[in-house]
Amino acid sequence: MDSRAFRRFRRNKGALGGLVLVVAVTVLGLAGPWLAPYDPVEQFTDALLLHNGLPAGPGIEPGHWLGGDVLARDELSRLLSGARVSMLVAYLATALAVLIGVTLGLVSGYVGGRLDTFLMRVVDVVLSMPFLLIAIVMQRVWDAPGIWTICVVLGVLSWTTLARITRAKTMEARELDYIQAARALGLRHVRILARHVLPNVMGPIIAIATILVARMIIAESALSFLGLGVRPPTASWGSMLNDSQSLLLGVPRLTLYPAVLISMAVFGFNLFGEGLRDAFDPKD
Amino acid sequence: MIRFILLRAMWGVLVIMSVVTLVFFLIFVAGDPAVTVLGPQARAEQIADFKAKKGLDQPVPAQFLSYLGVMPCVRKDSPKYERDDGSRGFCGILQGDLGESYSHHESVAAVIGHRLPRTLLLASLAVLFELIIGLSAGVIAALRRNRWSDTLIMFATFVGISLPTYVTGPISLLLFAFLLGWFPFGGYGVDPLDHLYHALLPSLILAVAGAATYARVMRGELIETLRHDHVRTAKAKGMPMSRVVIKHAIRNALLPIVTLIGLSLPFLVGGAIITEKIFAWPGLGLLTIESIESLDAPVIMAVVLMFGVAVQMGNLLADIAVAALDPRIRLED
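So, here is what we can say about the structure in this document. Predicted, not measured: the structure shown is a model, and the values here were computed from it.

1. Topic: a nonpolar patch on the surface
Moving on, step 1. Taken together, the side chains of Leu249(A), Leu175(B), Phe178(B), Leu179(B), Leu180(B), Trp182(B) and Phe185(B) define a hydrophobic patch exposed on the protein surface, amounting to about 700 Å² of accessible area.
Moving on, step 2. Note that Leu249(A) resides in the loop between α11 (237-244) and α12 (253-280).
Moving on, step 3. Taking relative accessible area as the criterion, Leu249(A) reaches 31% and is therefore assigned partly exposed.

Okay, structure coming up:
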């Protein structure tokens, strides 16, 4: 990030707020499972299940600060270990999408011609794939779906925007004098792409990738909310929303906790990403 | 122009075909429809019988070509299986035959025809709300640029974009249906007016993200337009602000918004899966989940086909509308 972009970013209060949220949820994802006071899948049927069959509320049982969940597990511990799953999936899926999208975008924009036409047609096909449907079918194909399956599915289906942007920026960069010079000098194409073109197109890629993390958080939670994401008893924020659906009216707090965390994480990544985009590509 | 549309349409058909091919084979990788549909208690001869009727005992490529309608029908229970003269008929999508649902005991066309109007009601209400809320919020924000109402609206749009429907849906049910009792608690209702009443809350939830996007686009365009000389002249002549906004600004903002609507249509029509699930709205979204869970292959294929057509049509219509609205744009291939 050059210093002008950095200054523009620092002046943007919203973007800074976004950065704070991003750091917060990332730390939560890294440290969450260690901070969790209990095993997230252990059931405390004696302590956390009331006589009316509902889970105990916050503060009723000492040590269980947020009370119990639908199956009398420690809610706080599940939220904390769920943070790891949700953030891990979001980051890994985004990394995969960046890897595919940026590589194809670079090659497509740099090589041009028939390969470019073909790759952009592939983008069209991927865009026409019904996301949830493919994700669901893939879940059934791999019999033991875990976090990794979800990462692969999400990553493989969401690289298209990145590829398009990278391609457009690469086509611009290709015409720059010093890249023409590097080609004339006979440098290897891979080296030109990695050392000279990539740094030039990096800014917008980082911004889009940040916003993509927000999308991946939403997508993972959506799958888990439909019961098609992480398998029980593993907790993710989305699967916790799914678990709490049956008690929406009786114990609304079980819906609110993960809902607030998901919204905060998505909000943070969106704000941060938009701030980056404005910093790299100022319009006003 | 005509050339462009034809080329694009041809390309669209090609894209749809590749998606259809992919999904068709994916379903067979996903599992055995006969076993899933008949359940774990089914006897071996029942499964064999079902497979023979549906042509599932044939090689998968043959099934696929029969589904496309380029090879004679393999589904023995289809009325088109045998023609009157004893020769084999065709029963594929080329003949306009989407087959028969495995679990609904109805033709796929009937199942979809039953569900589609409900989803269309939801989608059209959602677009209406998106436009009303989004455009007016955008206009207000632009006219009060950098004042607190603008900041508030822009903050709200950011929240709107960041809130997924599975967060806003349950919370709105809790608040507006359960605590306040203004709306019914999900479902579809019994008569047309009741359907409309039941559709209000889900379509509002569906409209949140779109409205936020339109508000941001509208604000940006309006600020841009208000800078133009001809708008300054209009204002200097004493043209009231409301007319300036309507005559010049909204017209300019129409372009990106029409494009956005075109691109969002497939997701409103086919992708309201989560909203339909939360509000128990028995439309295409719920049908999609049900058919995937039961591996109801003909219905899955039809949904995929419709989604593909909607994406391609949305893209094409957006391009055409933009060209029609902006004389500077000429469609080239």
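2. Some words on the side chain of Asn270(A)
Moving on, step 1. Along the polypeptide, Asn270(A) turns up in helix α12.
Moving on, step 2. Side chain to side chain, Asn270(A) and Ser162(B) meet in a polar contact 3.1 Å long.

3. Considerations on the packing of aromatic side chains
Moving on, step 1. Under the defined criterion, the tally for this structure stands at 12 aromatic pairs over all chains.
Moving on, step 2. Taken together, a centroid distance of 5.0 Å and an interplanar angle of 55° make the contact between Phe24(B) and Phe64(B) tilted. Within this pair, whereas Phe24(B) is found in helix α1 (residues 2-30), its partner Phe64(B) is found in helix α4 (residues 60-68), the two being separated by 40 residues in sequence.
Moving on, step 3. Given a relative accessible area of 8%, Phe24(B) falls into the buried group.
Moving on, step 4. Measuring from ring centre to ring centre gives 5.6 Å for Phe24(B) and Tyr67(B), while their planes differ by 35°; the resulting arrangement is tilted. One end of the pair, Phe24(B), is in helix α1; the other, Tyr67(B), is in helix α4, with 43 residues separating them in the sequence.
Moving on, step 5. Within the aromatic cluster, the residues linked to one another by ring pairs are Phe24(B), Phe25(B), Phe64(B) and Tyr67(B).
Moving on, step 6. Here the guanidinium or amino end of Arg84(A) rests over the ring plane of Trp34(A), the centre of that ring lying 5.4 Å away.

4. Details of α1(B)
Moving on, step 1. Across its 29 residues, α1(B) extends 41 Å between first and last C-alpha, which sits within 8% of the 42 Å expected from 1.5 Å per residue.
Moving on, step 2. Within α1(B), the full set of buried residues consists of Phe4(B), Trp11(B), Gly12(B), Val15(B), Ile16(B), Val19(B), Val20(B), Val23(B), Phe24(B), Leu26(B), Ile27(B) and Ala30(B).

5. Observations concerning empty space enclosed by the protein
Residues and elements named next belong to chain B.
Moving on, step 1. On inspection of all chains with the given rule, the structure shows 3 cavities of 30 Å³ or more.
Moving on, step 2. Counted as a void, the largest cavity has a volume near 240 Å³.
Moving on, step 3. Lining the largest cavity are 18 residues, and of these Phe24, Tyr67, Arg75, Tyr102 and Pro298 sit closest to its centre.
Moving on, step 4. Within the residue set of the lining of the largest cavity, elements represented by two or more residues are α1, α4 and α13 (297-325).
Moving on, step 5. Of the residues contributing to the lining of the largest cavity, the split by class is 12 nonpolar, 3 polar and 3 charged.

Parameters and conventions
- Residues numbered from 1 in each chain as written.
- Chains lettered and ligands numbered in written order.
- Predicted model: local features only at pLDDT ≥ 70, side-chain atom pairs only at ≥ 80, totals over all residues.
- Heavy atoms only, no water.
- Patch = residues over 30% accessible without salt bridge, like charges linked within 9 Å, V, L, I, M, F, W, Y side chains within 5 Å.
- Areas by Shrake-Rupley, 256 points an atom, 1.4 Å probe, with all protein chains shown as cover.
- Salt bridge = Lys/Arg side-chain N within 4 Å of Asp/Glu carboxyl O.
- Helix = DSSP H or I, 4+ residues; strand = E, 2+ residues; numbered from the N terminus.
- Buried < 20%, exposed > 50% of the residue type's maximum accessible area, 1.4 Å probe, protein only.
- Polar contact = N/O pair within 3.5 Å; in protein donor to acceptor, adjacent residues only side chain to side chain.
- Phe/Tyr/Trp six-rings, centres within 6.5 Å; stacked < 30°, edge-to-face > 60°.
- Lys NZ or Arg CZ within 6 Å of the ring centre and 35° of its normal.
- Expected span 1.5 Å × (residues − 1).
- 1 Å grid on protein atoms, 1.4 Å probe; cavity = no way out; pocket = protein on both sides within 12 Å on 5 of 7 lines; lining within 4 Å.
- Points joined across faces, edges and corners; volume = space filled by probe spheres on them.
- Nonpolar A, V, L, I, M, F, W, Y, C, P; charged D, E, K, R; others polar.

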